[in-house]
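What follows is each chain in one-letter form.
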4 protein chains.
Amino acid sequence: MIIVLKPDVTDKQIQYITERVTDLGLKSMVSKGIERTIIGVIGEEDKLRAQPLEAFPGVEKVIPILKPYKLASREFRPENTVIDVHGIKIGGKKIVVIAGPCAVENYDLLLEIAEKVKLAGASLLRGGAFKPRTSPYSFQGLGEEGLKYLHEAGKKTGMPVVTEVMDTKDIELVERYADVIQIGARNMQNFNLLKEVGLSKKPVLLKRGMMSTIKELLMSAEYILSNGNFNVILCERGIRTFEDYTRNTLDISSIPIIKQLSHLPVIVDPSHGTGKWDLVAPLSRAAVAAGADGLLVEVHSKPEEALSDGAQSLKPDKFSKSIEELRSIAAVIGREM
Amino acid sequence: MIIVLKPDVTDKQIQYITERVTDLGLKSMVSKGIERTIIGVIGEEDKLRAQPLEAFPGVEKVIPILKPYKLASREFRPENTVIDVHGIKIGGKKIVVIAGPCAVENYDLLLEIAEKVKLAGASLLRGGAFKPRTSPYSFQGLGEEGLKYLHEAGKKTGMPVVTEVMDTKDIELVERYADVIQIGARNMQNFNLLKEVGLSKKPVLLKRGMMSTIKELLMSAEYILSNGNFNVILCERGIRTFEDYTRNTLDISSIPIIKQLSHLPVIVDPSHGTGKWDLVAPLSRAAVAAGADGLLVEVHSKPEEALSDGAQSLKPDKFSKSIEELRSIAAVIGREM
Amino acid sequence: MIIVLKPDVTDKQIQYITERVTDLGLKSMVSKGIERTIIGVIGEEDKLRAQPLEAFPGVEKVIPILKPYKLASREFRPENTVIDVHGIKIGGKKIVVIAGPCAVENYDLLLEIAEKVKLAGASLLRGGAFKPRTSPYSFQGLGEEGLKYLHEAGKKTGMPVVTEVMDTKDIELVERYADVIQIGARNMQNFNLLKEVGLSKKPVLLKRGMMSTIKELLMSAEYILSNGNFNVILCERGIRTFEDYTRNTLDISSIPIIKQLSHLPVIVDPSHGTGKWDLVAPLSRAAVAAGADGLLVEVHSKPEEALSDGAQSLKPDKFSKSIEELRSIAAVIGREM
Amino acid sequence: MIIVLKPDVTDKQIQYITERVTDLGLKSMVSKGIERTIIGVIGEEDKLRAQPLEAFPGVEKVIPILKPYKLASREFRPENTVIDVHGIKIGGKKIVVIAGPCAVENYDLLLEIAEKVKLAGASLLRGGAFKPRTSPYSFQGLGEEGLKYLHEAGKKTGMPVVTEVMDTKDIELVERYADVIQIGARNMQNFNLLKEVGLSKKPVLLKRGMMSTIKELLMSAEYILSNGNFNVILCERGIRTFEDYTRNTLDISSIPIIKQLSHLPVIVDPSHGTGKWDLVAPLSRAAVAAGADGLLVEVHSKPEEALSDGAQSLKPDKFSKSIEELRSIAAVIGREM
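Calculation criteria
- Residues numbered from 1 in each chain as written.
- Chains lettered and ligands numbered in written order.
- Predicted model: local features only at pLDDT ≥ 70, side-chain atom pairs only at ≥ 80, totals over all residues.
- Helix = DSSP H or I, 4+ residues; strand = E, 2+ residues; numbered from the N terminus.
- Buried ≥ 20, exposed ≤ 12 C-beta atoms within 10 Å, placed from the backbone.
- Contact = placed C-beta atoms within 7 Å.
- Least-squares fit on C-alpha atoms with pLDDT ≥ 70 in both.
- Core = buried A, V, L, I, M, F, W, Y, C linked by C-beta atoms within 7 Å.
- Nonpolar A, V, L, I, M, F, W, Y, C, P; charged D, E, K, R; others polar.
- Pairing = 2+ DSSP bridges.
- Axes fitted to C-alpha atoms, helices over the stretch in contact; angles between N-to-C directions.
- Expected span 1.5 Å × (residues − 1).
- Arc of directions from axis to C-beta.
- Parallel < 35°, antiparallel > 145°, perpendicular 65-115°, else oblique.
- Left-handed = near helix turned anticlockwise from the far one by under 90°.
- Right-handed = clockwise from strand over helix to strand, strands pointing away.
- pLDDT = per-residue confidence, 0-100.

1. Quick notes on the overall build of chain A
Stage number 1. Assigned secondary structure in chain A consists of eleven helices and 14 strands.
Stage number 2. Along the longest, intermediate and shortest principal axes, the C-alpha atoms of chain A span 75 × 45 × 40 Å.
Stage number 3. Relative to its 337 residues, chain A shows a buried fraction of 58%.
Stage number 4. The long-range fraction of contacts in chain A, counting pairs at least 24 apart against all pairs at least 6 apart in sequence, stands at 65%.

Following this line, the structure appears as structure tokens:
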């Protein structure tokens, strides 16, 4: 950590800071430049991170040198983490597709969609039973009934299921039915929820918040990992920017960046990332080309009747065609689908 | 609601859409322009809002005319909502100051700060017992112990207390000690939490998410109101932008906008909004000048030892001086402190 | 255009507005809903666009139905525009690569890089003679000398050259040496410059501003087109967001969106879009997979000695390897390189 | 400057970097920590800033310690710069109001507005003769004719005039008529324009770009200062964010920040900053309360007929009332109007 001092810092202030650093068992090195004096601190940076150094008299700014996450970092674990969900490997050579409707609406429709996405090449089934909706007047999901349908449709089609949990008190319930527990973008910094799924035995699909940096996503993963659950799948799903043509701006760069910084698998959700079904196919191609370990795609057989997010749902035939293209792109970069 | 159709829309598609509108008990009016045909829909817009109209064949875009929130709107209730917290009125003529440390650290320090902010002119005491921290390795708050200290310090100094709840399962606990329940910025769209505090009898201080629009803030308030709790205080605390000199960009414009759109009181948190103690005084002046109903300020007697957010905490003497200035500005715009 | 009126609008106000609309030779239709009255306007929307309707008493908001650009739109010209630069087609089946150093530094180095990128598969040579630099103390480019070197290196290697013009008074000079005139991101809304290159006979490469929407990019293209120059190549090069790991956030979604909205070719600059050389290859793959008509890549044989943007420049061997991958991806989506 | 090295950096790489630093006449200090080695560089940071250090093998990131601007900094000149425009002081104790229409439309209307704003308390007259408009089909300003009207109206009412220049080739023309030359937000990084007004004898009003950080604004000021013109007035006019209720988000925090970082005066444009006339008064109060040295306000006697920006223009009576309030607020913070 580097502590940059103000031009008018006094010797007494410097002494106070260095003593404080020594108290924490760290070593400090004062270096007087022409225009600024800086203090370099050697030792466990975390000890110092907890101190409000910027509130110290004489301090201009504090610059951390190390990343604030550890367990999620590639330095902690150089090889890729591969997560096994009932035999399906996420993070390995094969690119995995998770597909299904935004919300579980009824059993028959869900099963119909499940069969179609399975046929097209999906490995896991997604569907929301608890839906985070901006308006209290929108459809909020079927709750436990939806979980049962999802579990049933997954069993029938031989696909493990992914579904979202929004509340710590629903974790046990969701764990009973889900194979992968999803933390939605709006809950990426719901730290209690992160801690609790960190205690779960089920893999966790952690979506990047629409207002969160890559570093913050990795810090949220760190919450789960540090509670003992190392099966975390990260998911890029678009960030909020000034561009209003799309619902969000899908940050394709985050894929190779996350692969550099972390050992965790990263998948992409082009449906939420764009909000428009006709952008899902080109952005899926882009995601795979950029190195994503998987895709999370909303598919609905009658999007114009969907109770949630119809505008961004692909029809099964378009989904199927999209998977074909992706297969060829995967091959180019030495992967499979 | 206005449905704008694609240039190549067919008569059959138009018919399908208008039939659908009629099915919902609404009236449609087709209007053919030179370059576009549009369908105007008359009736309860909410019925249509739930339909994924943008997924219909032939539809280019859908433009809502009405605001998606009702109970929170100024149209629903033209006069200002004034919330009574043990005799202190929030939203009335008097501008209210809520002050205290970011986190409750220990009882003696809390009491010392409480006495000082009371003396300087604060009406309510703030302090966190549950702290949402980006890193799992940072101080997470004292939990129930902190709530007890806060309650005790509030009683001793005669100030109602405001504290954050982060989890639905802690609501009962927090309600027991708090006079106002705070929903933090990261939980502004934790919809389960909103619903549950909507069932509480205690007033709720709802902070704007750092990447949420004013409309979304009002939608989140709608969640609380529609569950029966009309005592909602909104709080602007800065939004995330590309400017990185400050922790957030305090959106002062949101104050007069919220006063136009809603009857709910709005207060400002210049401490989180800037992240720097030396910007708190000028931004407090700006907030009061722009019409805020109150301020939420972090004050700490030893910021350089604070366990959380020391860099943005004012010392009691600076806080006291700031309140003096604000008193004069309040007078200019016909208010009091 | 739809004019949404305030809830308390008076009949006199409505009459005033409709008369005004009639004065412009347009037709208005008043439609009274339950909560709002709206006025639909039929006729040439542009006539109305120039009116400050939102300043009229009784008006709540004004919603345009049509896109504000015409000549740049796909509706104006359904087929793709293909631009011919000395026999090289941009916007056709073949994906075009423009490569070279950020700034022209000296002739020998430029020629060396030019030969290498040509060999690797580039069709056009890029290089800056006028450099927009944030700091007045940074290298500002060689000016006319740089243009001469560039022209010479282009002739020697058989590649047309692309270079930036920053000032209307340099247009004649730049036209003399360049085959394609580049308008940089910071000048995307330098409207005088746009008008002047609109009068040029040379194709224009127009970069998206880092804080400009896609609509604004197309409006800037409209400036050039409406002055008579239809040879405009659009370029996505990243937008400014809160994410600070990359220099900008490359908006890959903009590629399929621009292809939907406009007939103009669109290329991508992954070097500026990310600011890091090790992200250039994966983002190039993503851009091609998403449908880009070309790439603009910074290549430098000694990035660590470059006078500008060394950190984002690829070395020739990495560039060459990247082109190989792209060739295969292009084939998947029915294109060539 | 601090150079942070990669965990796997080799001794040879470290040696190469330190040699390079020595070649530039600077001193380097290598400091090996537990997880990272860093190199601190002592000496003129600017020499190193020009080097693409991040492109060096073994370098993870480079952290500058000093601000990249010098002449614009408070450290270079601790006391406030006060700019004298024909006897009107900008940056002194008195807060200055610059008002007038967005665009000069005709002489009579301009004179009418000028007389009214003068009466209300404005000291300078604003009005655009060259208008940067997003659409090529919008009113582009009257050009020289507009400049003449403005000059004439200024003379008649005894107010110096402020007007925008958009093109280097118009500088001489604008200088002839204007007392203060304005650089608009879209031209904040039109570096040639900055250099040229840096050679002018007239004061320059430099608006912050909607996509620019405070640091970049100061770098652009540095362009002007380093060319010899020290009479630069900075202007906050709103930045682009995701919030779409207002045209821009007025960054009130930038006022006290700029006063800390720089000696230059800073004024605020609440008209462009919000885009809505009914937000101009509260935001003007906020700006003055936060310490602005002046205001730039659009006033129009018939906003509903204005050829540009009618929706954000105040009527003269509202403007006059607003100035009254501001006078009292100015007094609170020890200033005058």
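2. Looking at unusual backbone geometry
What you tend to see is this: most non-glycine residues have negative phi, and most peptide bonds are trans.
Residue and element names in this part refer to chain B.
Stage number 1. Of note, His 86 is a non-glycine position whose phi angle comes to about 45°, a positive value.
Stage number 2. Here His 86 is to be found in the loop between β5 (83–85) and β6 (88–90).
Stage number 3. Classification of His 86 by C-beta neighbours within 10 Å gives exposed; the count is 12.

3. Details of the relation of the copies chain C and chain A
Stage number 1. The transformation that overlays chain C on chain A combines an axial shift of 0.0 Å with a rotation of 180°, and the residual RMSD is 0.1 Å. Expressed as an axis order, the relation between the two copies is that of a two-fold axis. Minimal C-alpha distance to the rotation axis in chain C is attained by Ala 286 of chain C, lying at 2.0 Å.
Stage number 2. When the interface residues of chain C are mapped onto chain A, 94% of them again lie at the interface, so the same face is used by both copies.

4. A closer look at the nonpolar core
Stage number 1. The biggest cluster of nonpolar side chains holds 439 residues, and the ones touching the most others in it are Leu 206 of chain A, Leu 206 and Ile 233 of chain B, Leu 206 and Ile 233 of chain C together with Leu 206 of chain D.
Stage number 2. Leaving out residues up to four positions away in the same chain, Ile 233 of chain C has contacts with Ile 83, Ile 90, Pro 203, Val 204, Leu 205, Leu 206, Leu 264, Pro 265 and Ile 267 of chain C.

5. A look at the relation of the copies chain B and chain D
Stage number 1. For the pair chain B and chain D, the best superposition has an RMSD of 0.0 Å and corresponds to a rotation of 180° with a translation of 0.0 Å parallel to the axis.
Stage number 2. In this assembly the copies share their binding face: 97% of the residues contributing to the interface of chain B also contribute to that of chain D.

6. A look at the interface of chain C and chain A
Stage number 1. Listed as interface residues are 32 residues of chain C and, on the opposing side, 30 residues of chain A.
Stage number 2. Elements represented by at least two residues in the side of chain C that touches chain A include exactly α8 (254–261), α10 (277–290) and α11 (316–332) of chain C.
Stage number 3. At seven residues, the largest contribution of residues to the side of chain C that touches chain A is made by α10 of chain C.
Stage number 4. Its residues placed into classes, the side of chain C that touches chain A shows 19 nonpolar, eight polar and five charged.

7. With respect to the sheet that holds strand β3 (residues 37–42) of chain D
All names here are of chain D.
Stage number 1. In spatial order, the strands read β2-β3-β1-β4; together these four strands make up an open sheet with antiparallel pairing. Two strands close off the open sheet at either side, each with one partner strand: β2 (27–32) and β4 (59–63). Each adjacent strand pair in this sheet contributes to an overall mean axis angle of 20°, direction not counted.
Stage number 2. The pairing of β2 with β3 spans six bridges and is classified as antiparallel. Each bridged residue has a counterpart across the sheet, and for Met 29 the counterpart in β3 is Gly 40.
Stage number 3. Along the sheet, helix α1 (residues 11–23) contacts β1 (2–5), β2 and β3; its crossing angle with β2, the most-contacted strand, is approximately 155°.

8. As for the environment of Thr 241 of chain D
Stage number 1. If you trace the backbone, Thr 241 of chain D turns up in the loop between β12 (232–236) and α8 (254–261).
Stage number 2. Judged by the 25 C-beta atoms lying within 10 Å of it, Thr 241 of chain D falls in the buried class.
Stage number 3. Distance from Thr 241 of chain D to Met 211 of chain D, taken between C-alpha atoms, is 8.9 Å for residues 30 residues apart in sequence.
Stage number 4. With residues near it in sequence (within four places) discarded, Thr 241 of chain D still touches Phe 242 of chain A, Ile 239, Thr 241 and Thr 249 of chain B together with Thr 249 of chain D.

9. Quick word on helix α11 (residues 316–332) of chain D
All names here are of chain D.
Stage number 1. Taking 1.5 Å of rise per residue, the 17 residues of α11 would be expected to cover 24 Å, and the 25 Å separating its terminal C-alpha atoms lies within 8% of that figure.
Stage number 2. All buried positions along α11 are accounted for by Phe 319, Ser 322, Ile 323, Leu 326, Ile 329 and Val 332. Buried residues along α11 cover an arc of 155° about the axis, so they all sit on one side. Along α11, exposed side chains directed more than 90 degrees from the buried face belong to Asp 317 and Glu 324.
Stage number 3. At the exit of α11 stands Gly 334, carrying a positive phi of roughly 75°.

10. Some thoughts on helix α8 (residues 254–261) of chain A
Side chains three or four residues apart in an α-helix point the same way, a direct result of the helix having 3.6 residues per turn.
Stage number 1. α8 of chain A sits mainly inside the fold: seven of its eight residues count as buried.
Stage number 2. Of the residues making up α8 of chain A, those classed as buried are Ser 254, Ile 255, Pro 256, Ile 257, Ile 258, Lys 259 and Leu 261 of chain A.
Stage number 3. Its buried side turned inward, α8 of chain A meets α7 (214–225), β12 (232–236), β13 (266–268) and α10 (277–290) of chain A together with α10 of chain C.

11. Some words on the sheet that holds strand β9 (residues 161–164) of chain C
Pairing between the strands of a sheet comes from backbone hydrogen bonds, and it takes one of two forms, parallel or antiparallel.
All names here are of chain C.
Stage number 1. Pairing in this closed barrel of eight strands is parallel, and the strands run β7-β8-β9-β10-β11-β12-β13-β14 around the ring. Taking the axes of each pair of neighbouring strands and ignoring which way they run, one obtains an average angle of 25° across the sheet.
Stage number 2. Running at roughly 170° to strand β13 (residues 266–268), α8 makes contact with β12 (232–236) and β13 of the sheet.

12. Things to note about the interface of chain B and chain D
Stage number 1. Across the boundary between the two partners, chain B contributes 31 residues, which contact 30 residues of chain D.
Stage number 2. Looking at the side of chain B that touches chain D, the elements that each hand over two or more residues are α8 (254–261), α10 (277–290) and α11 (316–332) of chain B.

13. Some words on the packing of α10 of chain C against α11 of chain C
Helices that pack against each other are described as a pair by the angle of their axes relative to one another and the distance between those axes.
All names here are of chain C.
Stage number 1. Remark: α10 packs on α11, axes separated minimally by 10 Å, with the N-to-C direction vectors making an angle of 25°. When the interaxial angle is binned, α10 and α11 end up roughly parallel. As for the relative orientation of α10 and α11, their crossing is right-handed in sense. Where α10 approaches α11, its residues Ala 281, Ser 284, Arg 285, Val 288 and Ala 289 are matched on the opposing element by Lys 318, Ser 322, Glu 325, Leu 326, Ile 329 and Ala 330.
Stage number 2. Of the residues that constitute the contact of α10 with α11, the class distribution is six nonpolar, two polar and three charged.

14. Topic: the environment of Gly 43 of chain A
Stage number 1. For Gly 43 of chain A, the position within the fold is in the loop between β3 (37–42) and α2 (45–49).
Stage number 2. Using a count of 16 C-beta atoms within 10 Å as the deciding quantity, one classes Gly 43 of chain A as partly exposed.
Stage number 3. Sequence separation of Gly 43 of chain A and Ile 239 of chain A is 196 residues, and the distance between their C-alpha atoms is 35 Å.
Stage number 4. With residues up to four places along the chain from it excluded, the contact list for Gly 43 of chain A reads Gly 25, Leu 26 and Lys 27 of chain A together with Ile 34 of chain D.

15. Examining the pairing of strand β12 (residues 232–236) of chain B
All names here are of chain B.
Stage number 1. The element β12 is extensively covered by neighbouring structure, given that five of its five residues are classed as buried.
Stage number 2. The alternating pattern of β12 places Val 232, Leu 234 and Glu 236 and Ile 233 and Cys 235 on opposite faces, both of which are buried.
Stage number 3. In terms of strand pairing, strand β11 (residues 204–207) meets β12 through four bridges, oriented parallel. Across the sheet, residue Leu 206 finds its bridge partner in β12, namely Leu 234.
Stage number 4. Regarding topology, helix α7 (residues 214–225) serves as the crossover connection from β11 to the parallel β12, and that connection is right-handed.
Stage number 5. Considered for its hand, the β-α-β crossover made up of β12, α8 and strand β13 (residues 266–268) is right-handed.

16. Considering the confidence of the model for chain A
Stage number 1. Across chain A, pLDDT averages 93, with 100% of residues at or above 70.
Stage number 2. Here the predicted complex scores 0.94 on pTM and 0.93 on ipTM.

17. Let's talk about the environment of Phe 130 of chain A
All names here are of chain A.
Stage number 1. Looking at where Phe 130 falls in the secondary structure, it is placed in the loop between β8 (124–126) and α4 (144–157).
Stage number 2. Of the residues examined, Phe 130 has 25 C-beta atoms within 10 Å and is grouped as buried.
Stage number 3. Taking the C-alpha atoms as reference points, Phe 130 and Asp 167, separated by 37 residues in sequence, lie 9.3 Å from one another.
Stage number 4. Those residues in contact with Phe 130 that sit more than four places away from it in its chain are Gly 141, Gly 143, Glu 164, Val 165, Met 166 and Asp 170.

18. Thoughts on the packing of α11 of chain B against α11 of chain D
Stage number 1. Between α11 of chain B and α11 of chain D, whose axes approach to 9 Å, the crossing angle comes to 170°. Relative to α11 of chain D, the element α11 of chain B lies roughly antiparallel. Relative to α11 of chain D, the crossing made by α11 of chain B is right-handed. Where α11 of chain B approaches α11 of chain D, its residues Glu 325, Ser 328, Ile 329 and Val 332 of chain B are matched on the opposing element by Glu 325, Ser 328, Ile 329 and Val 332 of chain D.

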